[in-house]
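Now for the letters of each chain:
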Amino acid sequence: MIKIIQKLFRLFFAEFFDGLNQVQIKIDKQNLKTAMHGACNPINKQGIKIFSQNEEDGILIEILKRLELKTGYFAEFGVGNGLENNTLVLLALGWRGFWVGNEKLFFTKNNNKKLFFIKEWITLNNIIQNFQKGLKNFNLTQVDVLSIDCDGNDYYFLEKLLQNQYRPQVIIIEYNGKYPPPIRWRQKYEEKFVWQYDDYFGSSLAEIQELLRLFQYTLVCCNFTGANAFFVQNKNLQSFKDIPRNVRNIFYETNPIDLQCCYKVSKKTVISFLQG
């Protein structure tokens, strides 16, 4: 009898919380539509979720449209299980490219002419080797779109690629939306870093923006949930004349609904500020 009651309680609470989640999803969608309607940045108004975590797919499609890039090659570091990331939409649009990540893909896939997958934990010691391996598979020297979403060492991986003369036309990189401009901050590089779902991860937008400024890139968009930033090469800025020049009109903070955990202050964060 006790086991039956326990089972009934589990079923009840499972349905209860599932109902709450459905309500929250409806609220989030409505908030997204409202935010899109009033966005200062016209690119944000094109946001749509197809395979991305949020509305990054639509943002990327709009940027590529402005660059007149109908097809090309992509590289993404940190793709999860392959069902939700920033470049799956490009695969659907007929692009080709490679993924690097330590998770097993949810679907069975043999490397082919469209997608090449390298299963490996990403570090500063192997990122160039893996990038070159992916390029070699398609007989390339560069890619058109680069996405980095590794929940931690993203800044250092991007810096390493740029220092090795890789220049994608579009860069998508995860940023820590807790810290608005002009705060410049980044976590220390840790080869085995695993995000603990607090505010100690990645880099502030201003820190990434300064890095990319040195390599002739400009910020053109951040997504509404304050997770990903989009940069293009300065030589292509004529296609983005309507984009706000003030970073405060592009930046979005971490969405407190989606990622409440990011507002939990880590002791490591405070120490990093004290150490300068």
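In what follows, the structure referred to is the one given above.
Residues numbered from 1 in each chain as written. Predicted model: local features only at pLDDT ≥ 70, side-chain atom pairs only at ≥ 80, totals over all residues. Heavy atoms only, no water.

J.: Please set out the environment of glutamine 216 residue by residue, giving values where relevant.
T.: Here glutamine 216 lies in the loop between α6 (205–214) and β6 (217–222). C-alpha separation for the pair glutamine 216 and glutamine 233, spaced 17 residues apart in sequence, amounts to 6.0 Å. For glutamine 216, the residues in contact, after removing those within four places along its chain, are Val232, Gln233 and Asn234. (Helix = DSSP H or I, 4+ residues; strand = E, 2+ residues; numbered from the N terminus. Contact = heavy atoms within 4.5 Å.)

J.: Kindly report on the packing of aromatic side chains, identifying the contributing residues and their values.
T.: Scanning the model with the defined rule gives 14 aromatic pairs in all. Ring geometry for phenylalanine 98 and phenylalanine 131: centres 5.5 Å apart, planes at 75°, overall edge-to-face. Taken together, the residues phenylalanine 98 in strand β2 (residues 96–101) and phenylalanine 131 in helix α4 (residues 127–137) connect sequence positions 33 residues apart. For the pair phenylalanine 98 and phenylalanine 131, one class covers both residues: buried. Of the aromatic side chains, those joined through ring pairs into one cluster are Phe77, Phe98, Phe131 and Tyr166. (Phe/Tyr/Trp six-rings, centres within 6.5 Å; stacked < 30°, edge-to-face > 60°. Buried < 20%, exposed > 50% of the residue type's maximum accessible area, 1.4 Å probe, protein only.)

J.: Explain the pattern of salt bridges residue by residue, including any values.
T.: In the structure shown here, the tally under the stated rule is 8 salt bridges. Glutamate 62 serves as the salt-bridge partner of arginine 66, at 2.8 Å between the closest nitrogen and oxygen. Of this pair, arginine 66 and glutamate 62 both sit in helix α2 (residues 56–67), 4 residues apart, which is roughly one turn of that helix. With relative accessibility at 13%, the residue glutamate 62 sits in the buried group. Across the pair glutamate 210 and arginine 213 runs a salt bridge whose closest N-O atoms are separated by 2.6 Å. With glutamate 210 and arginine 213 both in helix α6, this residue pair falls 3 residues apart, about one helical turn. A relative accessible area of 23% places glutamate 210 in the partly exposed class. The class of arginine 213 is partly exposed, set by a relative accessible area of 46%. Residues participating in the shared-partner salt-bridge network are Glu62, Arg66 and Asp242. (Salt bridge = Lys/Arg side-chain N within 4 Å of Asp/Glu carboxyl O.)

J.: So what about α2? Which residues, and what values?
T.: Between its first and last C-alpha, α2 extends 17 Å over 12 residues, near the 16 Å set by a 1.5 Å rise per residue. Remark: glutamate 68 follows α2 within two positions and exhibits a positive phi of approximately 60°. (Expected span 1.5 Å × (residues − 1).)

J.: Which residues make up the pairing of strand β3 (residues 115–119), and what are the values?
T.: For β3, a buried count of 4 out of 5 residues is recorded, marking the element as mostly surrounded by other parts of the structure. Taken together, the 5 bridges between β2 and β3 define a ladder with parallel strand orientation. Among the inter-strand pairings, phenylalanine 98 is bridged to a residue of β3, identified as phenylalanine 116. (Pairing = 2+ DSSP bridges.)

J.: Break down the nonpolar core for me, with residues and values.
T.: Side chains that are nonpolar tend, in soluble globular proteins, to be buried together. Judged by nonpolar contacts, the single largest core of 64 residues is most densely connected at Ile63, Phe131 and Phe231. Here this core takes 6 residues from helix α5 (residues 154–163), the largest share from any one element. Setting aside residues up to four positions removed in sequence, isoleucine 63 forms contacts with Ile43, Val170, Val220, Phe230, Val232 and Phe240. Residues Tyr179, Phe193, Tyr200 and Phe201 belong to the second largest nonpolar core, which totals 6 residues. (Core = buried A, V, L, I, M, F, W, Y, C linked by side-chain atoms within 4.5 Å.)

J.: Help me get a handle on the packing of α4 against α5, residues and values and all.
T.: One can describe the packing of α4 onto α5 by two numbers: an axis separation of 10 Å at closest approach and a directional angle of 60°. As judged from the angle between their axes, α4 and α5 are oblique. Considering the relative orientation of α4 and α5, their crossing is right-handed. Residues Ile127, Ile128 and Phe131 of α4 touch α5, and the partners they reach there are Phe157, Lys160 and Leu161. Here the contact of α4 with α5 is built from residues that sort into 5 nonpolar, no polar and 1 charged. (Axes fitted to C-alpha atoms, helices over the stretch in contact; angles between N-to-C directions. Parallel < 35°, antiparallel > 145°, perpendicular 65-115°, else oblique. Left-handed = near helix turned anticlockwise from the far one by under 90°. Nonpolar A, V, L, I, M, F, W, Y, C, P; charged D, E, K, R; others polar.)

J.: Could you give an account of the sheet that holds strand β1 (residues 73–77), naming the residues involved and the relevant values?
T.: Each strand in a sheet pairs with its neighbour through backbone hydrogen bonds, running either in the same direction (parallel) or in the opposite one (antiparallel). Here 7 strands make up an open sheet; going across it, the order is β3-β2-β1-β4-β5-β7-β6 and the pairing mixed. Only two strands of the sheet have a single partner each, and these edge strands are β3 and β6. Each neighbouring strand pair of the sheet contributes to a mean axis angle of 15°, computed without reference to strand direction. Relative to strand β7 (residues 228–233), strand β5 (residues 170–174) is paired through 5 bridges, and the arrangement is antiparallel. Across the sheet, residue isoleucine 172 finds its bridge partner in β7, namely phenylalanine 230. Sitting on the sheet, α4 touches β1, β2, β3 and β4 (145–148), and the angle it makes with β3 is about 155°.

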